[in-house]
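# Topology and contacts: notes
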Amino acid sequence: FKIGEHRFVFIAKCNIEMYFGIVLYNHDIHKCISHIFHITPSTEFTEFCVPFIKKNDEKTLSPYIFDVLDYIENNYRKKITLQELSEQIHITAPYLSKIFKEQVGMSVSEYIVNRRLTAAKFLMKTQSDYSINYIALEVGFYDTAHFSKAFKLKYGVTAQQYKANIEKKNRV
């Protein structure tokens, strides 16, 4: 797509329908320019991306949300608190929690856990020599029991079973 004289190209690999957005600050007109993108599922790709937004409407997102999503993407391996996020973008934690849930459709902590789980699945698929404990720590879970519980809850199998299935497929 093109905004003014700037051209942007996005490549996405996913098997889910998703919406995501971009906010750019135009220094010439001192305005934020936002755009929502829609990606339809493709059977040729697997789910290595976490959707920014999965919504039925194309409502413009708050610039705060984009800042939070960017911060999470760059720091999900570390401990992130709602208070820390709110301080990063200079709004109160309760207000951030409210607008994040409204605009993203899940809580901040749910989003962070989903991002970490997606990263864990990616590592299991690409780094077969990594142990489950190492992967859990690598993606920001400091308690492997919490990682195991979250993984099973989201995907219906344990992380160990998921990894074993990948290894089995790779041997065939």
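Anything mentioned here points back to the structure above.
Residues I72, L85, F100, M124 and F147 are the most contacted members of the largest nonpolar core, which totals 33 residues. Among the elements of the structure, helix 1 (63-75), helix 2 (82-89), helix 3 (93-104), helix 4 (108-126), helix 5 (132-138), helix 6 (144-155) and helix 7 (159-171) are those that each provide at least two residues to this core. Contacts of I72, omitting those with residues within four sequence positions, involve I80, L85, V108, Y111 and I112.

Here we come to the environment of E167. Within the fold, E167 resides in helix 7. Here the alpha-carbon distance between E167 and M124, two residues 43 residues apart in the chain, equals 9.0 Å.

Quick look at the packing of helix 4 against helix 6 now. Two elements in contact, helix 4 and helix 6, have axes whose closest approach is 11 Å; the angle formed by their N-to-C orientations is 90°. Judged on the interaxial angle alone, helix 6 and helix 4 are roughly perpendicular. Facing helix 4, whose interface residues are V113, N114, L117, T118, A120, K121 and M124, helix 6 presents H146, F147, A150, F151, K154 and Y155. Within the contact of helix 4 with helix 6, the residues separate by chemical class into eight nonpolar, three polar and two charged.

Procedures and definitions
- Residues numbered from 1 in each chain as written.
- Predicted model: local features only at pLDDT ≥ 70, side-chain atom pairs only at ≥ 80, totals over all residues.
- Heavy atoms only, no water.
- Core = buried A, V, L, I, M, F, W, Y, C linked by side-chain atoms within 4.5 Å.
- Buried < 20%, exposed > 50% of the residue type's maximum accessible area, 1.4 Å probe, protein only.
- Helix = DSSP H or I, 4+ residues; strand = E, 2+ residues; numbered from the N terminus.
- Contact = heavy atoms within 4.5 Å.
- Axes fitted to C-alpha atoms, helices over the stretch in contact; angles between N-to-C directions.
- Parallel < 35°, antiparallel > 145°, perpendicular 65-115°, else oblique.
- Nonpolar A, V, L, I, M, F, W, Y, C, P; charged D, E, K, R; others polar.

Function-wise, these values are silent; they only describe arrangement.
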